[in-house]
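Structure assessment
Now for the letters of each chain:
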Amino acid sequence: MSDPAVVLADLREESEELDALVGELRTEGWAAPTPAPGWTIAHQIAHLAWTDRAALLAAADAEAFAAETAKALAAPDRFVDEGAGEGAKLPPAELLARWRAGREHLQDALRSVPPGARFPWYGPPMSASAMATARLMETWAHGQDVADALGVVRTPTARLRHVAWIGHRARDYAYLVRGERAPAEPFRLELTAPDGTLWTYGPEDAAQRVTGPALDFCLLVTQRVHRADTALAAHGPDAERWLGIAQAFAGPAGQGRAPRGAGA
């Protein structure tokens, strides 16, 4: 994903698709619960607005972002929920306007980043392309929560390739945040795209590999589905372990979702 313009264009489309879901909601609709415990639709959009602001700081004002990072380190288990909670208190129209303005400001900032420049983040430092990919991944994932809350089934698109890419790239990070050592050898990933084509990552001769639908992989690495509820196949014990802990997002290890039907 080396061309930021391509990723930014897809990020805009992903944001607009989510915007279409929430743009006409009545006030009570914003209070609808989503699959994330304690989070309403308002929390989901507030989180995206909050993270867009953090990304803008990282791209444009490293010193200001460092101050935000210090706050996160002081409360690693609370800062995400607290940021979403504060935004969710806003009137829906104000929250929606804030999210729309923030994502456009971030688009402008990332388009103006000099080639090769990198800036800080909560995980490894980011290029403009990687940051845009991360924002698309989060927009898609939180958009899935909103869609689930509204009972909407979204049509998978080719934009999933960005989510799959960052999920593959974040393999070692999933081990790191759990205090584990990542396998030394690379894995092979072979995913069936929404249009039936094959997306591949990693060397062809890798002993450890994962195969299956791209949508399932993207849902898994964003922790929107339990491993047992996917059609993914792990070939090798290390690959199986990865699928049990995979996460594409920065921050502490996520708890993931319970299997469908759990507790029923």
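Now for the overall build of the protein chain. Helix and strand counts for the protein chain stand at eleven helices and six strands. The C-alpha atoms of the protein chain give a radius of gyration of 18 Å, which matches the 18 Å a tight globule of 264 residues would have. C-alpha extents for the protein chain along the principal axes are approximately 50 × 50 × 40 Å. Partitioning the contacts of the protein chain with sequence separation of at least 6, the portion at a separation of at least 24 is 66%. Carbon and sulfur atoms provide 55% of the accessible area of the protein chain, an area that totals close to 12500 Å². Computed over 26 positive and 34 negative side-chain charges, the separation of the two mean positions in the protein chain equals 2 Å.

On to unusual backbone geometry. For Gln223, which is not glycine, the phi dihedral falls at a positive 55°. By the element assignment, Gln223 lies in the loop between α10 (214-221) and β6 (233-235).

Quick look at the packing of helix α8 (residues 160-169) against α10 now. When two helices pack together, their arrangement is given by the angle between the helix axes and by the axis-to-axis distance. Packing of α8 against α10 brings their axes to within 9 Å, and their N-to-C directions diverge by 55°. Taken together, α8 and α10 sit at an angle that is classed as oblique. Where α8 crosses over α10, the two elements pack in a sense that is left-handed. Here α8 contributes Leu160, Val163, Ala164, Gly167 and His168 to the contact with α10, which in turn contributes Leu215, Phe217, Cys218 and Val221. Taken together, the residues of the contact of α8 with α10 break down into seven nonpolar, two polar and no charged.

What follows is about helix α5 (residues 79-88). Within α5 the residues assigned to the buried category are Phe79, Gly83, Ala84, Gly85, Gly87 and Ala88. Looking at the packing, one finds that the buried side of α5 touches α3 (41-60), α4 (62-74) and α6 (92-111).

Turning next to the pairing of strand β5 (residues 209-213). With respect to burial, β5 is a largely interior element, four of its five residues being buried. As judged from the five bridges shared by strand β3 (residues 188-192) and β5, these two strands associate in the parallel manner. When the sheet's bridge partners are listed, Glu190 is paired in β5 with Thr211. Direction of pairing for β5 relative to β6: antiparallel, over a ladder of three bridges. Among the inter-strand pairings, Thr211 is bridged to a residue of β6, identified as Ala233.

Moving on to the environment of Leu215. One can find Leu215 in helix α10. Here Leu215 falls in the partly exposed class, since its relative accessible area comes to 29%. Linking Leu215 and Ala66, residues 149 residues apart in sequence, is a C-alpha distance of 35 Å.

So, on to the sheet that holds β3. Strand order in the open sheet formed by four strands is β4-β3-β5-β6, and the pairing between neighbours is mixed. Of all the strands in the sheet, just β4 (198-201) and β6 have a single pairing partner and so form its edges. Averaged over neighbouring strand pairs, the angle between their axes works out to 15° when direction is ignored. Its contacts with the sheet place α10 against β3, β4 and β5, and it is angled at close to 115° to β5.

The next point concerns the environment of Tyr122. Following the sequence through the fold, Tyr122 ends up in the loop between β1 (118-119) and β2 (126-127). In this structure the C-alpha to C-alpha distance between Tyr122 and Glu190, which are 68 residues apart in sequence, comes to 29 Å. Those residues within four positions of Tyr122 in sequence are excluded, and the remaining contacts are Trp50, Ala54, Phe65, Glu68, Thr69, Ala72, Phe79 and Ala250.

Of the voids in this model, the second largest pocket is the one considered here, and its volume is about 450 Å³. When grouped by side-chain class, the residues that make up the lining of the second largest pocket number 13 nonpolar, six polar and ten charged.

Conventions we followed
Residues numbered from 1 in each chain as written. Predicted model: local features only at pLDDT ≥ 70, side-chain atom pairs only at ≥ 80, totals over all residues. Heavy atoms only, no water. Helix = DSSP H or I, 4+ residues; strand = E, 2+ residues; numbered from the N terminus. Rg over C-alpha atoms; globule rule 2.2 N^0.38 Å. Contact = heavy atoms within 4.5 Å. Areas by Shrake-Rupley, 256 points an atom, 1.4 Å probe, with all protein chains shown as cover. Lys, Arg positive; Asp, Glu negative; His and termini not counted. Charge placed at Lys NZ, Arg CZ, Asp CG, Glu CD. Axes fitted to C-alpha atoms, helices over the stretch in contact; angles between N-to-C directions. Parallel < 35°, antiparallel > 145°, perpendicular 65-115°, else oblique. Left-handed = near helix turned anticlockwise from the far one by under 90°. Nonpolar A, V, L, I, M, F, W, Y, C, P; charged D, E, K, R; others polar. Buried < 20%, exposed > 50% of the residue type's maximum accessible area, 1.4 Å probe, protein only. Pairing = 2+ DSSP bridges. 1 Å grid on protein atoms, 1.4 Å probe; cavity = no way out; pocket = protein on both sides within 12 Å on 5 of 7 lines; lining within 4 Å. Points joined across faces, edges and corners; volume = space filled by probe spheres on them.

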